[in-house]
Every structure is written in structure tokens, then in C-alpha cells.
Amino acid sequence: MNFQSTIFRALSLAAVIFVGGLAASADDAIISTEAYTWQGDTIIQGEYRAWAPSDERIVSTYHAQPGYYMGIKSEWNRKNDLSSYPALETPNRLHKAIYNLGLDEMVNAVEPDTTLRTGAAWGGVWTRDVSYSIILSMAYMQPEASKVSLMKKVNAAGRIIQDTGSGGAWPVSSDRMIWAVAAYEIYKVTGDHEWLEYIYPIIKNSLFDDVKVVVGDNSLVYGETSFIDWREQSYPRWMQTVDIYQSQALGTSVVHAQAWKVLSEIAAGLGDRSVADYALEQHNHIVAAINRELWMPDKGYYAMYNYGREFPIINPRAETLGESLAIIYGVADHKRAQLITENNPTTPFGAAIFFPQIADIPPYHNNALWPWVAAYWAIANAQAGNEEGTLEAIGSIFRPAALFATNKENFVLDNGDIATQLNSSNMLWCLAGNIAVTHRILFGIRFETDGLSFAPFVPEALGAKRSLTGFTYRNAVLDINISGYGDKIRSFKLNGKDHKPFLPADIKGRNTIDIVMADNAIAPLKVNRTANVKAPLTPIAWIADGRLTWNPIEYINRYVVLCDGRRIAETRETSFGLTEPGEYQVIGVADDGTESFASEPRSNAEVIKVQMPGESTRFVSAERSYEPTSPVSGYSGDGFVEIDHKSDDVDIAVDVPADGVYAVSLIYANGNGPVNTENKCAVRTLAVDGDDVAAVVMPQRGEGKWSDWGRSNIVRVPLTAGRHRLSIVFRPSNENMNLATNHALIDRVELVRIK
């Protein structure tokens, strides 16, 4: 940088601080946390300022940490024609500019093929990204592009596509059903009956497969936490992809509950009463299970997921998207909804993706804030009636939009910077959340199947006269004016006449809506403001010489020992004597009570091993995707059984020594892909004495790694003493996302009596 440019930058910075200071002094702070302040038309974060010189320009003095690979935009200027979209008028220029930034980047996101681009750095359509974006605002802002995008995510079998991911996509990742919620949102926006008839069989067939593969006996849903799809970012390192499949996450379970509710409503509307009743029953089962299995009364929010092997335990972290969806979709009743907004930890930069953080994992999902998740959190807080929570959630979206002059993907929770593992500008779901905050909260717009309802929630600090001009709804164009603050409407007028805050779906032409809020004091609820917290490292434990032993963890207060999922002891030692067979784990506890993940389960229980009836040591299937890196080895008998679409069912006889519930699993190899991508997870059904019991899932374990033998998920089976026939069979519901390759090697079956 030369002398002249240095002087110019210094003068510009001085001007920025002066202008920002004038803007900031004009009004009281709208939001102020320990990290930043939104005052007037300016965001202030330490030495940095971001402000709006006009409705179509944002200027920022922010710069990234030295050496960071991704540059920072110092300003945004409107690029696209926005005249066909709803125009916002508000006395706060920064708010209007951030809203216009969302519209401008939305136009950038519409590809030439009329699909919605995931982000500036991420081409293509991803099921969860586009679906969450559609639910937030793209259903009504870009209805045609939303339809085309969802149609791209249906496979040749007429099922919703689960994007490639951990262990071979579905069913290790199982949040594809958010597609159903997004598709129904488009119907509520458009009233398009042909669209309803198109999505109905896709949703029904996908859910009917899922109920056989990803729903446990307890009615919670198996699979990775929705959207948090980098396994090392949110699970203990000992968990393999099959362990992730066997975990049951809050967010993914809520998604499935809502998808079943959507199916019930569609089926009822199309006159399919039996499906409607069955779907509602499934919805109710999952909702009851979430509230029974995952609610933590001592914390006042839901657990993130349960995890383990024979005896799952809960991960007591708060997970903001799951908590938000539980509120928005009514899984949490109103009292629990309020408790969640009061107790979910909120850092100075906003609510974390989950809390507390994992100490030795870099920021991405861990130790991070994503603005689109913050948008769901803001909507959930408004629905629960938490004014301060809503305000701070909005601030956590507006702060980065202004300082980075774009809708970035994610931010480090410690300092609000973008130095995460991966990031993108013009991020679809983040710009969708930006737009949604204004429409869905401050104007209170809600799409119903039979019309448009209004329930504005305006924190007093955001009380003002605002208008939204040219808002298109089906065959009508709406000009919406709102004034005041509060959560109650004093008056609602349609074209100058008193009207209930609901517009029927058949409204036509240009209409003016005038809403006057009651300026009421919203009943106060608290916010759980906290510093960002890192949990202790996960102990590594083993069993030897009749003792459970583990490595010492630095700065630990004590350890908790678990047997069969129950807490049986606390100690400051690093070993514990075992007096009975069982599955053991240990948890580290810090001085402030923050707990580590539980160690990998270790068992000293007796294992029944039954060799598969196979002697093959070479491949015959054409479905194998990758050649072995070396001759197959490590199997325990004379050979292994190879399974694919054309193979026969595998039958084995098992002699059970005593009545009880047994944990049944397969020892298998699947070298059809890496652990973090592709879509070739092998899936089969376990049948006992001719009756189907549950799915057996065998995720990919590494490209060409056919000698890497692992354990499938555990299926709990009640067995009487004596001989039983176990069968590994292929059912239509076992078809994976690849369709062509559903292939693995099986060495043996193992059984452990657990009850």
C-alpha cells in the first residue's frame, strides 16, 4: 500500500467514525450486547463501524484477521432491479439497507435454470439448504424457483433425495423430510392444487420408507442432527457413522413430526382418510417421544440428541435450530416454548448452533453462529412472546450482514469473525432469513391453506411506522402499513374498513392494509446471556484386569462413571473397579459443572458370535464401486457373505442360552465410498423367525477399504431360550439414495444379552 492510499484510508476511517458517531447519537441503542451495538443507522463493534449512507448502500470498516484466506467486502451497493419485490419503508435506514441487501442477493441466487443457488461459493441445489430457505421466505419471494429446486431433489424412485453425506447419506443423515415441509409451504403460498397432487405421493412414499428404517421403537428418529452434517463438528470422535445413524436427534425428529403432520393435512385435503389418520398418529407418537425422551426439566430445554450403543444416553447440549423448530411447530407447548427462549444459552454474538462447544474442534458448526438458524430462533422467540430474545436474535442477523456487507454463511462465536472452516457470501438460507425477519416477525405475515393471517410481534425498541408495498399474494397485491409496537393489534383495516387480521385466499386486486399495534408492554421474559463455554475433552476409556480405566483430563473437577447408561459413581481417580458385567462409560466434569461427552462404551458382557454361512473370499457382485486396496483380510471364519440387489436372503441359526432382550449386530465391510460423502450406505432388514424386526444399516467405511470390518447398528430383539432363525433380507424400503449400489460384505452376527 503506497503513502497516498494510506492517507486516503486514514481519512476515510476518520470520516466513517465521525459519520457513524453522528448516526449513533441520533437515537438510543436499539440493541446493545457485550460484543456490539446497533445504534441508529450504525452497527458498532469495537473499533469497527458499519452504516448505511443510503437505502441501497452499506459501508463497513471491518477487516478480517491477518492472513485469513477469504477477503472482506468493505461495502455493498445495489446491483439488481428490485422493483418487482416488496419495498420496505422504515425510518431506520440501516434496516432498510439490510433488507434490500437480502433482496439483491436473492436475485443473484436465481440461476439461469430457475433453481436457487446455495451460495456464491456453493453451486447446485441441496435438499436441506433450499428447503429451509423456502420455509423462511423463498416460497413466496421465489415460488417458481422454489418449485423447480424441489423437483430437482426427487430421485427416479419418486423419493426425496438425501444429499450425500456421512457414511453414504441416507439413512445416516435422515433430515430429507424437511423437503415435505417446504413443499407444503409453497402450496400454502400459491394454492396450486396440481402442485399438491405432485408432492403427495413423494412425501407419502418417502415417509413410509422412513418409518421402517429411521424410526426407533421409542418413536424418535434415527440419524444425524439436521444440517449439522460434519460428524466431527458435533459428535465425540469415537462415534463412527453407524453410531451417528443410531443416535436420535431433536432437530431431525421435529422435522419428521412436522412432515407427518403435513402428510396428514394433504391426505385429508385429497380425501385419503386412512393415510391422514395414520400420518397424524405417527406425528403424535414422535411429538410425545420428543417430550418424553429429550426434555430436560433441570435445564429448561431439549437435549440435542441421544447417543451410545446398547444403552443410549442424552447429550445435554442445547441445539438452537432443534429448539426453534420445536417451538415453531408446536412440539413444545407454550410454557415449554417460553422456558426454551429463557434458558437456551445466548452469547454476546447470539445463540450458538449448539452449546457448550467442543474444545478441540475448529469453528464451523462447532463454536459458530449461522444467521439463518438465528432467523428461526428469532421467529421462535416471537412466537413464544420473548421480546428481548427476539431483539437479540434479530441483532445477531443484522450485525454480520452490515459488517460484512453480504449475507455470509457462518461466524466464529468467540469474536464474530468469518474465520471458520468454510464460508460463503450470498448464502441462500441466510438471505432468506434476513428477509423473513421483516416479513414474518415485524409484519407478522403467516401463510395458511385458506388465507393469509397477521400476527406482528414488534419489540418496543423497533416500534415505528413501516410499510411494505407491492407484496404479492396469489391474485392480490398488498400494500401493508403498520405502526407502533407490542404483540397485540389495536386495529386492523382492509381498504379503510375494520377487518379481522386474516385475508381469505380468494382476495383479488390491489388492497391496502393498515395495522395499528396496541403499544402494549409485552410480558417480560429473560434471556440466558452467557459467555461462550467450551466443554472438557472426552475421556478415552478401556477395560483391563477388572477395572475401567481412562486417561486423565486437564483442569477437570471429577469424573462420572456410567453402567448401562446409568450414573453409578463419581470419582477423582482415573479408574474404577468393576463388579458386574455391563456397558461402561465415563464423563469428565469441569469446575462449573460443564460435562464432556461420554467416552466410547466398553463392555465386559458375554458375546455370542455366529459365523455367516459363507466361504467366499473374493467378490462376485458388479455393484462394487471401488477395488480393494489389498486382498480382503480380517474376517473371522472361512469367508464372508456378499450382499447386493441380486443376492439371496441370508439365513443363519442361533442357539439362544436364556430368555431376554438381545442386542443383535452384524460385523460387516463396506468400501464403496469414503466416510464423509457419496451415497452407498448398505441397508437391509433383520427378520427373526420370519418376522421383520428392524433395519440393519452398514455405512461406507472408506474408499476401497474392504478389510476394515465394523459393526452395524444394534437391533434389540426379545428372544426365548432355544434355536431361532435370523435372516438378512432386502425390502423395498431398504433402497438407498444411490439406487444402483446397495452392497456390503458380512462376516458374522453378534448377540449380547442386555436385559
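Here, every reference points to the structure presented above.
Starting afresh in each chain, residues are numbered from 1 along the sequence in its written order. Local features in this predicted model are restricted to residues of pLDDT 70 or higher, and side-chain atom pairs are both shown and tallied only at a pLDDT of 80 or more, whereas totals for entire chains, interfaces and linings draw on every residue. Excluding hydrogens and water, the side-chain values take into account all heavy atoms of the structure.

Empty space among the atoms can be located by rolling a probe the size of a water molecule over them. A cavity, in this analysis, means grid points on a 1 Å lattice covering only the protein atoms where a 1.4 Å probe fits yet has no way out; a pocket is instead an open set bounded by protein on both sides within 12 Å along at least five of seven lines, and a residue lines either one if it has an atom within 4 Å of a point. Grid points are joined across faces, edges and corners, and a volume is the space filled by probe spheres set on the points. In the structure shown here, the tally under the stated rule is three cavities of 30 Å³ or more. As a volume, the largest cavity reaches approximately 50 Å³. Together, T341, T346, G350, A351, W377, N381, G389, E392, A393, S396 and V527 line the largest cavity. The dominant element in the lining of the largest cavity, judged by the number of residues it contributes, is helix α14 (residues 387–404), at four residues. Runs of H or I in DSSP of at least four residues are treated as helices and runs of E of at least two as strands, each being numbered from the N terminus.

Turning to helix α4 (residues 143–151), a few remarks are in order. Since the α-helix turns once every 3.6 residues, residues separated by three or four places project in the same direction. Listed as buried for α4 are A145, S146, K147, V148, S149 and L150. Two residues qualify as a contact provided that any one of their heavy atoms is within 4.5 Å of a heavy atom in the partner residue. Those residues of α4 hidden inside the fold are in contact with α3 (127–141), α5 (178–190) and α6 (193–213). Only protein chains enter the accessibility calculation, which uses a 1.4 Å probe. A residue is then buried if its area is under 20% of the maximum for its type, exposed if over 50%, and partly exposed in between.

Here we come to the packing of helix α9 (residues 250–269) against helix α11 (residues 320–328). Angular values range over 0 to 180 degrees, each being the angle between N-to-C directions of two axes fitted as lines to C-alpha atoms, with helices fitted over their stretch in contact. At a minimum axis distance of 8 Å, the contact between α9 and α11 shows a crossing angle of 30 degrees. The angle between the axes of α9 and α11 places the two elements in the roughly parallel class. Between α9 and α11 lies a crossing of left-handed hand. Across from L250, G251, V254 and V255 in α9, the residues of α11 making contact are G322, E323, L325 and A326. Residue classes follow a fixed rule: Ala, Val, Leu, Ile, Met, Phe, Trp, Tyr, Cys and Pro count as nonpolar, while Asp, Glu, Lys and Arg count as charged, and any other residue, Gly among them, counts as polar. Within the contact of α9 with α11, the residues separate by chemical class into five nonpolar, two polar and one charged. Between 65 and 115 degrees an angle is taken as roughly perpendicular, under 35 as roughly parallel, over 145 as roughly antiparallel, and anywhere else as oblique. Put simply, a crossing is left-handed when the front helix is turned counterclockwise from the back one by less than a right angle, and right-handed when it is turned clockwise.

Once that is clear, we can look at the sheet that holds strand β11 (residues 305–307). DSSP calls a pair of strands paired once it identifies at least 2 bridges connecting them. Spatially, the three strands line up as an open sheet ordered β8-β11-β12, and their pairing is antiparallel. The two strands at the open ends of the sheet, each matched to only one other strand, are β8 (248–249) and β12 (313–315). Judged from the three bridges that link them, β11 and β12 form a sheet pairing that is antiparallel. Bridging from a neighbouring strand, Y305 pairs with N315 of β12.

A word on unusual backbone geometry. Cis geometry is found at the peptide bond from W170 to P171, where omega equals 5 degrees. Looking at where P171 falls in the secondary structure, it is placed in the loop between α4 and α5. Cis geometry is adopted by the peptide bond preceding P356, which originates at F355 and carries an omega value of 0 degrees. Summarising the element assignment, P356 is placed in the loop between β16 (354–355) and β17 (357–358). For T114, which is not glycine, the phi torsion reads 65 degrees and is therefore positive. Topologically, T114 is positioned in the loop between α2 (93–109) and α3. Even without being a glycine, N426 presents a positive backbone phi close to 50 degrees.

What follows covers the side chain of Q338. The topology assignment puts Q338 in helix α12 (residues 334–343). Pairs of N or O atoms within 3.5 Å make up the polar contacts considered here, provided that, within protein, one atom can donate a hydrogen while the other can accept it, and that residues adjacent in sequence are counted only when both atoms are side-chain atoms. A polar contact is formed between the side chain of Q338 and the backbone oxygen of A384, at a distance of 3.5 Å. With residues up to four places along the chain from it excluded, the contact list for Q338 reads A384 and L525.

Turning to its location among the elements, S396 is positioned in helix α14. Apart from residues lying up to four places away in sequence, S396 is in contact with Y36, F349, G350, L369 and A374.

What follows is about the pairing of strand β1 (residues 29–32). Relative to strand β2 (residues 37–39), β1 is paired through three bridges, and the arrangement is antiparallel. If you follow S32 over to β2, its bridge partner there is T37. Counted along the chain from β1 to the antiparallel partner β2, the turn is four residues long.

Our next topic: the pairing of strand β5 (residues 57–60). Regular strands place their side chains on alternate faces of the sheet. Summarising the sheet, strand β4 (residues 48–54) and β5 pair through three bridges and their orientation is antiparallel. For S54, the partnering residue across the bridge sits in β5 and is R57. Hairpin remark: β4 followed by β5, antiparallel, with two residues in the connecting loop. As judged from the three bridges shared by β5 and strand β6 (residues 75–77), these two strands associate in the antiparallel manner. Within β6, the residue paired with I58 across the bridge is W76.

So, on to the packing of α2 against helix α15 (residues 428–442). Close contact between α2 and α15 brings their axes to 9 Å; oriented N to C, the two are set at 135 degrees. With respect to α15, the axis of α2 lies oblique. Between α2 and α15 the crossing geometry is left-handed. Residue-level inspection shows H95, I98, Y99, G102, L103, E105, M106 and A109 of α2 in contact with α15, the latter providing L428, L431, N434, I435, T438, H439 and L442.

Before going further, it helps to examine the environment of T347. Inspection of the secondary structure assignment puts T347 in strand β14 (residues 346–347). Accessibility expressed as a relative area gives 2% for T347, which makes it buried. As a C-alpha pair, T347 and S253 span 94 residues in sequence and 26 Å in three-dimensional space. In this view, T347 contacts F355, L413, T530 and N532; residues no more than four positions away in its chain are not counted. Only 2.8 Å separates the side chain of T347 from the backbone oxygen of G350, close enough to count as a polar contact.

This paragraph deals with α3. Here α3 contains 15 residues, and its C-alpha end-to-end distance of 18 Å is more than 12% below the 21 Å for a straight helix at 1.5 Å per residue. Roughly 75 degrees is the biggest bend found in α3, and it falls at I135. In terms of burial, α3 is largely enclosed, as 15 of its 15 residues are buried. Helix span, as expected, comes to 1.5 Å for every residue beyond the first. One axis fitted to the seven residues ending at a residue, another fitted to the seven starting there: the angle between these axes is the bend at that residue.

Here we come to the sheet that holds strand β31 (residues 558–563). In space, the four strands of this open sheet follow the order β32-β31-β34-β35, with antiparallel pairing throughout. Sheet topology places β32 (566–571) and β35 (602–603) at the edges, where each strand pairs with a single neighbour. Pairing geometry for β31 and strand β34 (residues 583–589), over six bridges, is antiparallel. Paired with V560 across the two strands is I587, which belongs to β34.

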